[in-house]
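Observations on the model geometry
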Amino acid sequence: MELAYIPSPSTGVIHLGPIPLRGYAFCIILGVFVAVWYGNKRWIARGGTAGTVADIAVWAVPFGLVGGRLYHVITDYQLYFSEGQDWVDAFKIWEGGLGIWGAIAFGAVGAWIGCRRRGIPLPAYADAIAPGIVLAQAIGRWGNWFNQELYGKPTDLPWALKITASANREAGLYHPTFLYESLWCVGVAVLVVWADRRFRLGHGRAFALYVAAYCAGRAWIEYMRVDEAHHILGLRLNVWTAIIVFLLAVLYMVISARVRPGREEIVEPRAAAKDAAGSEGGAEDGSAKDADAKADGEASEAKASDAEDGSGEKTGDTESGDAVRDGAEGDAGKSGPSAEDVGHGAGNGAGSAAKG
């Protein structure tokens, strides 16, 4: 009976015409894109401005790549500087070999530089991008699948990884440690997002939780691997690194929670000051408009009052004129004889004169 297994790709390079597209590099680039995209969403939700995460990533990503490669080359120097090896291969990053410990450490230095240039506290930025970073790790681990590297011990489990023979590896079925770590990273991202919403983590504690949770998983996954590595007291070097970094992350969370409880209210001071200035300017404009409207209203009321007073005066003058005319006519009627009376008087006088 043939066992089920996860196949490995026949090649880690896809040629798009004359351009080689390497699976390892593609996974790294895709992971960076996801980290910046999701980190930007979380940063805006915390009160930051769009684009800030990408601006700082311009510093953090190159530093992280250099740091990751340096850690790998230093801890596995025999692959590049021992007898029969070509030291130039140390620069061939597309062939695999990035140490997450060096990537995070140097990436933090780059992020610190970018944050200082923008006037942003590094812990707040780290909290925002923590889930995105671990999701980028989950995607980046599939680059190991393309290169058929960093697998675990032999196994007959249904999800075993089939490795083909080459100069540096033996064909067989092995634990897919790349898949274990990828799934673990997804779980860490979910944990950090949940804890951040539930407990409103701040001042770098969400990032510290990511580091501690990742180290817990990396320790047992690293223990399963069979690739060549340095050992200290029977444990692989990366296992010791995971234990030490785990303890430091937990210690930071405890001390930070006591010294600086709660979460930052303002994560991007310049943006907050700009918004405040805009709000004050809008309030002043509104007050000026209200004052103008009030003045216009008072002027309109004054004009209306004047119009009413003018109409009253004109009405009074008209009534007075009518009264004067009526009085004059009345007086004239009383003081002088009427036409009839004059006519009768004249007739009577004439009759008297005829008789005499």
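Refer to the structure above for everything that follows.
Notes on the structure follow.

Thresholds applied
Residues numbered from 1 in each chain as written. Predicted model: local features only at pLDDT ≥ 70, side-chain atom pairs only at ≥ 80, totals over all residues. Heavy atoms only, no water. Helix = DSSP H or I, 4+ residues; strand = E, 2+ residues; numbered from the N terminus. Buried < 20%, exposed > 50% of the residue type's maximum accessible area, 1.4 Å probe, protein only. Contact = heavy atoms within 4.5 Å. Areas by Shrake-Rupley, 256 points an atom, 1.4 Å probe, with all protein chains shown as cover. Patch = residues over 30% accessible without salt bridge, like charges linked within 9 Å, V, L, I, M, F, W, Y side chains within 5 Å. Salt bridge = Lys/Arg side-chain N within 4 Å of Asp/Glu carboxyl O. Phe/Tyr/Trp six-rings, centres within 6.5 Å; stacked < 30°, edge-to-face > 60°. Pairing = 2+ DSSP bridges. Axes fitted to C-alpha atoms, helices over the stretch in contact; angles between N-to-C directions. Parallel < 35°, antiparallel > 145°, perpendicular 65-115°, else oblique. Nonpolar A, V, L, I, M, F, W, Y, C, P; charged D, E, K, R; others polar.

For the rest of this paragraph, the subject is the overall build of the protein chain. Broken down by element type, the protein chain carries eleven helices and seven strands. Counting all 356 residues of the protein chain, 35% fall into the buried class. Summarising the internal contacts of the protein chain: among those between residues at least 6 apart in sequence, 71% fall at separations of at least 24. Accessible area of the protein chain: about 21,200 Å², with a carbon and sulfur share of 64%.

Turning next to a nonpolar patch on the surface. Where nonpolar side chains cluster on the molecular surface, the patch consists of Ile 14, Leu 16, Ile 19, Leu 21, Phe 26, Leu 30, Phe 33 and Trp 37 and spans about 820 Å² of accessible area. Those elements giving two or more residues to the nonpolar patch turn out to be β2 (13-16), β3 (19-22) and α1 (23-45). By residue number, the principal contributor to the nonpolar patch is α1, which donates four residues. Leu 21 sits in the partly exposed class, given a relative accessible area of 33%.

Right, let's get into the environment of Phe 146. Position of Phe 146 relative to the elements: it lies in helix α6 (residues 142-147). Considered as a pair, Phe 146 and Tyr 24 are 122 residues apart in the sequence and their alpha carbons are 6.4 Å apart. What Phe 146 contacts, discounting residues up to four positions off in sequence, is Pro 9, Thr 11, Gly 12, Gly 23, Tyr 24 and Cys 27.

All right, on to the packing of aromatic side chains then. By the definition in use, this model includes twelve aromatic pairs. Taking 6.0 Å as the distance between ring centres and 65° as the angle between the ring planes, the aromatic pair formed by Trp 43 and Tyr 125 counts as edge-to-face. Of this pair, Trp 43 sits in helix α1 while Tyr 125 sits in helix α5 (residues 122-140), and the two are 82 residues apart along the sequence. Look at Tyr 125 and you get buried, because its relative accessible area is 2%. Ring geometry for Phe 207 versus Tyr 210: centroids 5.3 Å apart, planes at 70°, classification edge-to-face. Taken together, the residues span about one helical turn, with Phe 207 and Tyr 210 both in helix α8 (residues 205-224) at a distance of three residues.

Tallied over the entire structure, the rule returns 13 salt bridges. Notably, a salt bridge pairs Glu 222 with Arg 218, separated by 2.9 Å at the nearest N-O pair. On the criterion of helical spacing, the pair formed by Glu 222 and Arg 218 is a turn pair, its members being four residues apart in helix α8. The same class applies to Glu 222 as to Arg 218, namely buried. Of the charged contacts in the structure, one is a salt bridge between Arg 225 and Glu 222, with a shortest N-O distance of 3.2 Å. Judged by relative accessible area, Arg 225 falls into the buried class, the value being 11%. Connected via shared salt-bridge partners are Arg 141, Glu 181, Arg 218, Glu 222, Arg 225, Asp 227 and Arg 236.

So, on to the sheet that holds strand β4 (residues 160-163). The three strands lie next to each other as β1-β4-β5, forming an open sheet whose pairing is mixed. The outermost strands of the open sheet, each flanked by one partner alone, are β1 (5-6) and β5 (172-174). Where β1 meets β4, two bridges bridge the pair, whose relative direction is parallel. Across the sheet, the residue bridging to Tyr 5 is Ala 160, located in β4.

Turning our attention to the pairing of β4. Relative to β5, β4 is paired through three bridges, and the arrangement is antiparallel. Bridge pairing in β5 places Lys 162 opposite Leu 173.

This paragraph deals with the packing of α5 against helix α7 (residues 177-199). Running from amino to carboxyl end, α5 crosses α7 at an angle of 170°, the nearest separation of the two axes being 8 Å. The pairing of α5 with α7 is recorded here as roughly antiparallel in orientation. On α7, the residues that touch Ala 130, Pro 131, Val 134, Leu 135, Gln 137 and Ala 138 of α5 are Ser 182, Cys 185, Val 186, Val 188, Ala 189, Val 192 and Val 193. Here the residues of the contact of α5 with α7 are counted per class, giving eleven nonpolar, two polar and no charged.

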